[in-house]
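Okay, here's what each chain looks like letter by letter:
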Amino acid sequence: QVQLVESGGGLVQAGGSLRLPCGASGRTFSRYAMGWFRQAPGKEREFVAAISGSGGDTYYADSVKGRFTISRDNAKNTAYLQMNSLKPEDTAVYYCAAGFRAGQPMAVMSRPGNYAYWGQGTQVTVSS
């Protein structure tokens with residue numbers, strides 16, 4: 001069982017930056033690939049970024065590539081989403097998730113169904 005807690009959300013102006021930490025419980029954090037998803041009002045949950053258990057492989061949605069960076073610190077049981085050059089369309093509740101990659105290409109971690117554990121979400125609002 002893994003419990004995930006996101007933090008770091010808030011209100012920021014367009015062009016600004018935020019960093020979202022996702023803390024995990026348990027002693028097996030490095031076994032899990034970690035992902036970030038987001039959900040805006042009236043829209044479906046969408047993939048943002050994923051990182052392998054070792055941190056060596058990453059994968060991004062085209063909409064955030066070059067602006068967002070996913071990382072992890074396995075010693076601290078924490079994954080991060082650094083968000084730069086934020087746009088109003090980035091406004092959403094952001095969720096972190098943990099799942100098993102099982103040697104598959106990182107692209108498969110863009111699917112919500114591949115994640116077993118989810119956090120409660122943190123609101124990010126970008127004003128224009």
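Structure shown above.
In this report, the structure presented in the accompanying data block is examined. None of the values given here were measured: they were computed from a predicted structure.

**Comments concerning unusual backbone geometry**
- Of note, Asn77 is a non-glycine position whose phi angle comes to about 50°, a positive value.
- Of note, Ala102 is a non-glycine position whose phi angle comes to about 55°, a positive value.
- By the secondary structure assignment, Ala102 is in the loop between β9 (92-99) and β10 (117-118).

**A few points about the environment of Gly121**
- Note on placement: Gly121 falls in the loop between β10 and β11 (122-127).
- Relative accessible area serves as the criterion here: at 15%, Gly121 is assigned to the buried category.
- Along the sequence, Gly121 and Phe100 sit 21 residues apart, while their C-alpha atoms lie 20 Å from each other.
- Setting aside residues up to four positions removed in sequence, Gly121 forms contacts with Glu6, Val93, Tyr94 and Tyr95.

**Re the side chain of Thr122**
- Inspection of the secondary structure assignment puts Thr122 in strand β11.
- Overall, Thr122 belongs to the buried group, its relative accessible area being 11%.
- Polar contacts involving the side chain of Thr122 include one to the main-chain amide nitrogen of Gly9, which spans 3.2 Å.
- Those residues in contact with Thr122, other than ones at most four positions away along the chain, are Glu6, Ser7, Gly8, Gly9, Leu20, Ala92, Val93 and Tyr94.

Reading the values: the criteria
Residues numbered from 1 in each chain as written. Predicted model: local features only at pLDDT ≥ 70, side-chain atom pairs only at ≥ 80, totals over all residues. Heavy atoms only, no water. Helix = DSSP H or I, 4+ residues; strand = E, 2+ residues; numbered from the N terminus. Buried < 20%, exposed > 50% of the residue type's maximum accessible area, 1.4 Å probe, protein only. Contact = heavy atoms within 4.5 Å. Polar contact = N/O pair within 3.5 Å; in protein donor to acceptor, adjacent residues only side chain to side chain.

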